[in-house]
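Breakdown of the fold
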Amino acid sequence: MSAKSKSVFVCSACQHQEPKWLGRCPECGSWNSLREAAPAAAPRSAARAEEAQSVPLDAIQIREGLRLDAGIEEVNRVLGGGIMKGSAVLIAGEPGTGKSTLMLQLASRVRTEGRTLYVSGEESPAQIRLRAERLGVTGGRIEVFPATELAAVLRTCDRLKPVVLIVDSIQTVYSEDIGTVPGTVNQVRLCGQELIGWAKTHGAALFLVGHVTKEGYIAGPKVVEHMVDTVLYFETGSSGIRLLRAVKNRFGSVDEIGIFQMGDAGLAQVENPAALFLTRRDGELPPGVVAAPVYEGTRVLLVEIQSLVVPAKGGISRVFSDRIDAGRVSRMAAVLEKHLKARLADQDLYVNVGGGLRIAEVGIELPLAMALYSARLNQPVPALTAVVGEVSLAGELRPVPHLDRRARAVAEMSFTRLVCPAGGMPEGPGRAGVAGAHAEFAGLRPAATLAEAVRACFTATA
Ligand code: TYD
Ligand code: MG
């Protein structure tokens, strides 16, 4: 290529650019990750864009039926109420999570009169057919196209006019205009742009599958994240549980998670997700274990926080926690140290969430603090006690939204008490405070401070 002098080397792990090749990326430290990338070719969509004109806001027509029913409730939920036509979704996950399985199931269940085109550069049509038979998927409307060359894919799209277009995976597609090696940053960017452009102009829903490395990088497809409307991460929890989570969504919130169980017939919806992450035990709990009703999107899930506290080697405390932010664990440890005189500064703190759910909700703070306290004192929290609440640095408890719904969920799971913040939320939706929660559950134990919560938690069940 004549543009040699202008080409750059881009790290396939973190997209860092260098003017010359290096064995190791100076940005993220990955070895052998730099790839030569020619300056991006002008995309064909640029020509299309010229036709576009501005429109007065009031003059924009909202067309009926903009969303398609995915036929899979958990997918609808995560996308914000169905698949948006003319939108692009990146579904990213580690190999083996079940992305291809989910896409094939979606292809067969999506409610549309139009066609679904499944472009696969990963598997042969025979392999796809075998998988489809295993999943019990039949569908005259699903067209399978085992191609990886972009122009061929676009020609097929023009001919078939699919309403749903699935490309599995974006790393296998290449455009001959800029070389024949798929998966480079430039290929992924150009092919992503062209496919998204096609979907937008034809009002089709596009799903791009992207592989993520073990370290969590979307190698290559990171560039696609900025171009698509929605980014979904498909993650593996424990014992066959799969979690679908939106990390970016132009058409809905990013709080919702979809929960599936991988079984013999593919991915199945979970009947009672509230109980899915809870470990049922008879009798006394081990120390360090606390149940918590967390609010994920629009539903309450009961989870088990597990913590282990052991003397630190060399006296320097470390936090091992990948399901709850380690900074939050350190903060709770500091608050316990200051306000309850629990000695944690010379301990290693291990924290886990049963079922492998990652939790970012603030309501997890009080149960986390109680789990650490229970582990440190080697004293179990009495059985059938659940805990929820935010904890301030001053050791006070702050109210959490939807206490009434959390209380109802706890009652339904036959817990006998819920230790929670005493203060009420300001008025507003989801703000029903302690009074509302009391109406749902008589076992409510409001506490104003961390010290009161400890008293409410560790006394035997009344
Ligand atoms: P797959 O969809 O190929 O994952 P990805 O496309 O994300 O790489 O599914 C991978 C795993 O799922 C594979 O290890 C086998 C398992 N699986 C089942 O357990 N049950 C099934 O019905 C199917 C189709 C797959
Ligand atoms: Mg696959």
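Refer to the structure above for everything that follows.
Reading the values: the criteria
Residues numbered from 1 in each chain as written. Chains lettered and ligands numbered in written order. Predicted model: local features only at pLDDT ≥ 70, side-chain atom pairs only at ≥ 80, totals over all residues. Heavy atoms only, no water. Helix = DSSP H or I, 4+ residues; strand = E, 2+ residues; numbered from the N terminus. Polar contact = N/O pair within 3.5 Å; in protein donor to acceptor, adjacent residues only side chain to side chain. Contact = heavy atoms within 4.5 Å. Axes fitted to C-alpha atoms, helices over the stretch in contact; angles between N-to-C directions. Parallel < 35°, antiparallel > 145°, perpendicular 65-115°, else oblique. Left-handed = near helix turned anticlockwise from the far one by under 90°. Nonpolar A, V, L, I, M, F, W, Y, C, P; charged D, E, K, R; others polar. Buried < 20%, exposed > 50% of the residue type's maximum accessible area, 1.4 Å probe, protein only. Pairing = 2+ DSSP bridges.

Among the structural elements, E365 can be located in helix α10 (residues 365-377). There is a polar contact of 2.9 Å between the side chain of E365 and the backbone nitrogen of V391. Discounting chain neighbours no more than four positions away, the residues touching E365 are R328, R331, M332, G389, E390 and V391.

To continue, consider the packing of α10 against helix α13 (residues 450-458). To describe two helices that pack against each other, one gives the angle between their axes and the distance between the axes. Here α10 crosses α13 at 65 degrees, and the two axes come no closer than 11 Å. Comparing the axis directions of α10 and α13 gives the class roughly perpendicular. Both α10 and α13 take part in a crossing whose hand is right-handed. Contact residues: L366, A369, M370, Y373 and S374 in α10; L450, A453, V454, C457 and F458 in α13. Considered class by class, the residues forming the contact of α10 with α13 number 9 nonpolar, 1 polar and no charged.

This paragraph deals with the pairing of strand β7 (residues 116-120). Of all 5 residues making up β7, 5 are buried, and the element is well covered by its neighbours. By the alternation rule, side chains of β7 split into T116, Y118 and S120 and L117 and V119, which are all buried. In this sheet, strand β8 (residues 142-145) lies alongside β7 in parallel orientation, the contact comprising 4 bridges. Bridge pairing links V119 to F145 in β8. Sheet analysis places β7 next to strand β9 (residues 164-168), joined by 5 bridges and oriented parallel. Bridge pairing in β9 links V119 to V167.

Moving on, we come to the packing of helix α3 (residues 99-109) against helix α4 (residues 125-135). α4 packs onto α3 with a crossing angle of 70 degrees between their chain directions and a minimal axis gap of 11 Å. When the axes of α3 and α4 are compared, the pair comes out roughly perpendicular. Contacts from S100, T101, L104 and Q105 in α3 reach I128, R131, A132 and L135 in α4. Class assignment for the residues of the contact of α3 with α4 results in 4 nonpolar, 3 polar and 1 charged.

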